[in-house]
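Listed below, chain by chain, are the residues.
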Amino acid sequence: MRDVDHSARYLEASASLARSVDPMLVDAVAHGLANVRSRGGRLFILGVGGGAGHASHAVNDFRKLCGIESYAPTDNVSELTARTNDEGWETSFSAWLEVSRLAEADALLVFSVGGGSREHRVSVNLVRAMEMAKAVGASIYGVAGAPGGTLGELADLAILLEPPPELRTPLVESVQAVIWHALVSH
């Protein structure tokens, strides 16, 4: 019976978290991404762990369903691991974006549970990529758990989720998928 209780609580928490998302904020991100497409920009989708899986799936959806030129650095395992081995994890995304000539017309879409933090040495590769985007004037969008870390600070628009602490990672990652599917079907 205990498993049923957990499942019921988890599903209710998922639904509650999804209901807490401001639809106007999702619409604003969708319009921002449409503007990236209109100006001929590219969408670079970044995430680590579960966010890397989301990035790969979302690249497919944004390319196929939305006609936005999209890429995820984690899709090229050979380059990612070579950069990590030779230069370190912290620069793995920013170095990839440098070769991709990240520019003002482009945008990042970041999936992160905590949003990254130099101070706490968490997802510093995401932090460096966002700092690079800010420096070149590229747009930054993302979905993270509140308070959102560096993503919450630097993003043009960030959807920040506040799940129960004991279910933070699985719920944030679950609702990230709901949100990007809302974006591609917008």
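Look up a bit, the structure's there.
Note that this is a predicted model, so its numbers are computed, not measured. (Residues numbered from 1 in each chain as written. Predicted model: local features only at pLDDT ≥ 70, side-chain atom pairs only at ≥ 80, totals over all residues. Heavy atoms only, no water.)

A. Molecular detail of the pairing of strand β5 (residues 157-161). Two elements, strand β4 (residues 139-145) and β5, share five bridges in a ladder whose sense is parallel. Bridged to Tyr141 within β5 is Leu157. Handedness of the β4-helix α7 (residues 149-154)-β5 crossover: right-handed. (Pairing = 2+ DSSP bridges. Helix = DSSP H or I, 4+ residues; strand = E, 2+ residues; numbered from the N terminus. Right-handed = clockwise from strand over helix to strand, strands pointing away.)

B. Spatial organisation of the nonpolar core. Ranked by internal contacts, the top residues of the largest apolar core, which has 35 residues, are Ile45, Phe62 and Leu161. Residue assignment for this core shows that the elements contributing at least two residues are α1 (2-20), α2 (23-38), β1 (43-47), α3 (50-66), β3 (107-111), β4, β5 and α8 (168-184). Not counting the four nearest positions on each side in its chain, Ile45 is found in contact with Ala55, Ala58, Val59, Phe62, Tyr71, Ala72, Pro73, Leu109 and Phe111. Among the nonpolar cores identified, the runner-up in size contains 21 residues, and Leu46, Ala133, Ala138 and Ala158 belong to it. (Core = buried A, V, L, I, M, F, W, Y, C linked by side-chain atoms within 4.5 Å. Buried < 20%, exposed > 50% of the residue type's maximum accessible area, 1.4 Å probe, protein only. Contact = heavy atoms within 4.5 Å.)

C. The pattern of salt bridges, seen in detail. Applying the stated criterion to the full structure yields six salt bridges. Between Glu12 and Arg19 there is a salt bridge; the shortest N-O distance is 3.0 Å. A residue is classified by how much of its surface remains accessible, and Arg19, at 57% relative accessible area, is exposed. The shortest N-O distance in the salt bridge between Asp106 and Arg42 comes to 2.7 Å. Separated by 64 residues along the polypeptide, Asp106 in the loop between α5 (92-99) and β3 and Arg42 in the loop between α2 and β1 bring together distant segments of the chain. Among the residues examined, Arg42 registers a relative accessible area of 17% and is labelled buried. A cluster of three or more residues bridged by salt bridges with shared partners is formed by Glu79, Arg83 and Glu87. (Salt bridge = Lys/Arg side-chain N within 4 Å of Asp/Glu carboxyl O.)

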